[in-house]
Amino acid sequence: MSRLLVTGGAGFIGSNFVHYVLKETDHTVTVLDKLTYAGNLESLKGLPQDRFNFVRGDIADAALVDGLVAGADVVVHYAAESHNDNSLHDPRPFLDTNIIGTYVLIEAARKHGKRFHHISTDEVYGDLELDDPERFTEQTPYNPSSPYSSTKAGSDLLVRAWVRSFGLQATISNCSNNYGPYQHVEKFIPRQITNVIDGIRPKLYGKGENVRDWIHANDHSSAVLAIIDKGIIGETYLIGADGEKNNKDVVELILKHMGQSPDAYDHVVDRPGHDLRYAIDSTRLRTDIGWEPQFSNFDAGIEDTIAWYRENEDWWRPQKSVTEAKYKEQGQ
Ligand code: NAD
Ligand code: TDX
């Protein structure tokens, strides 16, 4: 049994991880989350109260972080500003949380000699051509495109430097695009599902040819737990489930499962600097750690996700109109 401190545990992937850990292990979990627009306490309902604790606060608050890290065995760091579109309009919070927040956490982990796992993204590697036979590996050079991905790249490099210079007991994982329950309606898949529920046509940036490598959030959680358990200190592991799909195909799949015509979507203004394709080669994770994804059927995973958003309108409804109003201002 370990005591986990999970930052950003009220967000999409963090909350899925907390549910997963409390179900699959006997670890205890303390969540540290600022509850920004992206955090939602409703995502943490129904957890066993004897093994779960919630603290509202900022990862950049050194005094708060020091006490929480001292009381944990492992820090699992999910907290971030996570949305590319927001980073193009107001980059500052991305620097404050993703860079300074990570710095504060690793300083505390170093001081108290605690195991640290840093959650990152495949976007740090930039993008690939559609026909590139190579995928991202742990050796791919960093080449981030957006304010979001450059701050994530910066945070990864801080962790690497703290491992080398100070002996921080850390591992890093870079995962591909997640889908599943509790994802904010600003993100691609939930935005389109909830648009269709509201009678709004899905919105595809540009031509819709951009490719993302989709993984179910539960598979991300099982991979992170496996790395915390078996990962080698100082190493980076790429997490992916061979789920490449272009955005147009994803929208058509959502429309099909929601009983709409497959062409009932609109093309809207493209994202500036829009990365063309992400693709993960997760051979190292599979060979060295023995991890395998469980959700290999994307079609079925999307159907389950649509059902979740239909059944949990109370969870997403408060965010929907403000999110769409923001997109409307940007012509998206
Ligand atoms: P999210 O935006 O849904 O959740 C982020 C959470 O962090 C929210 O609960 C928010 O309140 C909290 N938070 C933000 N700033 C904070 C601060 N200063 N202090 C404390 N808490 C703060 O994000 P997500 O999609 O769940 O992503 C989680 C992590 O996974 C991020 O590090 C992201 O870079 C990484 N990641 C995401 C994806 C993806 O597909 N969404 C893929 C790979 C990696
Ligand atoms: O309405 C939309 N229409 C559209 O075509 C939205 C919101 C997005 N898109 C496109 C842009 C991307 O090509 O869909 C794709 C996915 O977009 P997002 O959900 O915004 O994700 P992405 O930018 O790929 O980044 C995600 O994966 C990597 C997460 O938000 C990041 O936190 C993670 O690091």
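What counts and what doesn't
Residues numbered from 1 in each chain as written. Chains lettered and ligands numbered in written order. Predicted model: local features only at pLDDT ≥ 70, side-chain atom pairs only at ≥ 80, totals over all residues. Near = placed C-beta within 6 Å. Helix = DSSP H or I, 4+ residues; strand = E, 2+ residues; numbered from the N terminus. Buried ≥ 20, exposed ≤ 12 C-beta atoms within 10 Å, placed from the backbone. Pairing = 2+ DSSP bridges. Right-handed = clockwise from strand over helix to strand, strands pointing away. Axes fitted to C-alpha atoms, helices over the stretch in contact; angles between N-to-C directions. Contact = placed C-beta atoms within 7 Å. Expected span 1.5 Å × (residues − 1). Nonpolar A, V, L, I, M, F, W, Y, C, P; charged D, E, K, R; others polar. pLDDT = per-residue confidence, 0-100. Parallel < 35°, antiparallel > 145°, perpendicular 65-115°, else oblique. Left-handed = near helix turned anticlockwise from the far one by under 90°. UniProt positions renumbered as here; feature names shortened; annotations may be inferred.

Colleague: Would you mind going over the site of ligand 1 with me for this structure?
Modeller: Ligand 1 sits among 30 residues. The nearest are Gly8, Gly11, Ala38, Gly39 and Ala80. When residues in the shell around ligand 1 are grouped by element, the largest group, 3 residues, is from helix H1 (residues 12-24).

Colleague: I'm lost on the pairing of strand E1 (residues 3-7) in this one. Help?
Modeller: Side-chain direction in a regular strand flips from residue to residue, so the side chains alternate between the two faces of the sheet. Across the 5 residues of E1, 4 count as buried, placing the element largely inside the fold. Looking at chain direction, E1 and strand E2 (residues 28-33) are connected through 5 bridges and run parallel. Each bridged residue has a counterpart across the sheet, and for Leu4 the counterpart in E2 is Val29. Read from E1 through H1 to E2, the crossover connection turns out right-handed. In terms of strand pairing, E1 meets strand E4 (residues 74-77) through 4 bridges, oriented parallel. When the bridges of E4 are listed, Val6 appears paired with Val76.

Colleague: Where do I start with the sheet that holds E1 in this structure?
Modeller: Through backbone hydrogen bonds, the strands of a sheet pair up, either in parallel or in antiparallel fashion. With parallel pairing, the 7 strands of this open sheet are ordered in space as E3-E2-E1-E4-E5-E6-E11. The sheet terminates laterally at strand E3 (52-56) and strand E11 (236-239), the two strands that pair on one side only. Within the sheet, the average angular offset between the axes of one strand and its neighbour, ignoring direction, is 20 degrees. Its contacts with the sheet put helix H4 (residues 92-112) on E1, E4 and strand E5 (115-121), and the angle it makes with E4 is roughly 170 degrees.

Colleague: Mind showing me how you'd approach the environment of Asp132 here?
Modeller: Along the chain, the position of Asp132 falls in the loop between E5 and helix H5 (147-166). Along the sequence, Asp132 and Val104 sit 28 residues apart, while their C-alpha atoms lie 38 Å from each other.

Colleague: So what exactly am I meant to see when it comes to unusual backbone geometry here?
Modeller: What is expected of a backbone is that most residues other than glycine have negative phi and most peptide bonds are trans. Of note, the phi angle at Leu35 is positive, near 55 degrees, even though the residue is not glycine. Residue position: Leu35 is located in the loop between E2 and E3.

Colleague: I keep staring at the pairing of E5 and nothing clicks. Help me out?
Modeller: When you tally the buried positions in E5, you get 6 out of 7 residues, the bulk of the element. Relative to E5, E4 runs parallel, the two being bridged by 4 bridges. Residue pairing across strands places Val76 opposite His117, the latter belonging to E5. This β-α-β element, E5 to H5 to strand E6 (residues 170-175), shows right-handed connectivity.

Colleague: Got a minute to help me understand helix H7 (residues 217-230) in this structure?
Modeller: Because an α-helix completes one turn every 3.6 residues, residues spaced three or four positions apart along the sequence face the same direction. Under the 1.5 Å per step criterion, the end-to-end length of H7 is 20 Å for 14 residues, consistent within 8% with the ideal 20 Å. Taking burial as the measure, the 14 residues of H7 include 10 buried ones, the bulk of the element. Within H7 the residues assigned to the buried category are Ala217, Asn218, Asp219, His220, Ser221, Ala223, Val224, Leu225, Ile227 and Ile228.

Colleague: Looking at this structure, how should I read the site of ligand 2?
Modeller: Contacts to ligand 2 come from 16 residues, most closely from Ser82, Thr121, Lys187, Phe188 and Tyr205. Those elements that place two or more of their residues in the shell around ligand 2 are helix H6 (188-197) and strand E8 (203-205). It is E8 that provides the largest number of residues to the shell around ligand 2, a total of 3 residues. The residue makeup of the shell around ligand 2, split by class, is 3 nonpolar, 7 polar and 6 charged.

Colleague: Where do I start with helix H8 (residues 247-257) in this structure?
Modeller: Here H8 has its buried residues at Asn247, Val250, Val251, Glu252 and Ile254. Summarising the contacts, the buried residues of H8 are in contact with H6, E8, strand E12 (244-246) and helix H10 (298-311). After H8 finishes, the residue Gly259 shows a positive phi value of roughly 75 degrees.

Colleague: It is not clear to me how the confidence of the model for the protein should be interpreted in this structure. Could you clarify?
Modeller: Regions with low pLDDT should not have their predicted coordinates read in detail. Across the protein, the average pLDDT comes to 98, with 100% of residues at 70 or higher. As a predicted assembly, this complex carries a pTM of 0.99 together with an ipTM value of 0.99.

Colleague: Help me out: how do you make sense of the packing of H1 against H7 in this one?
Modeller: Angle between the axes and distance between the axes: these two values describe a pair of packed helices. Packing of H1 against H7 brings their axes to within 9 Å, and their N-to-C directions diverge by 65 degrees. With respect to their mutual orientation, H1 and H7 come out roughly perpendicular. H7 is crossed by H1, and the crossing has right-handed handedness. Packed against H1, whose contacting residues are Phe12, Ile13, Asn16, Phe17, Tyr20 and Val21, the element H7 presents Ala217, Asn218, His220, Ser221, Val224 and Leu225 at the interface. Across the contact of H1 with H7, the residue classes break down as 8 nonpolar, 4 polar and no charged.

Colleague: Would you take a moment to explain the UniProt feature "domain: NAD(P)-binding" (unreviewed entry) in the protein for this structure?
Modeller: Following the UniProt record, one finds the feature "domain: NAD(P)-binding" (unreviewed entry) at residues 5-304. Within the segment residues 5-304, helix and strand shares are 39% and 17% respectively, and the terminal C-alpha atoms sit 29 Å apart.

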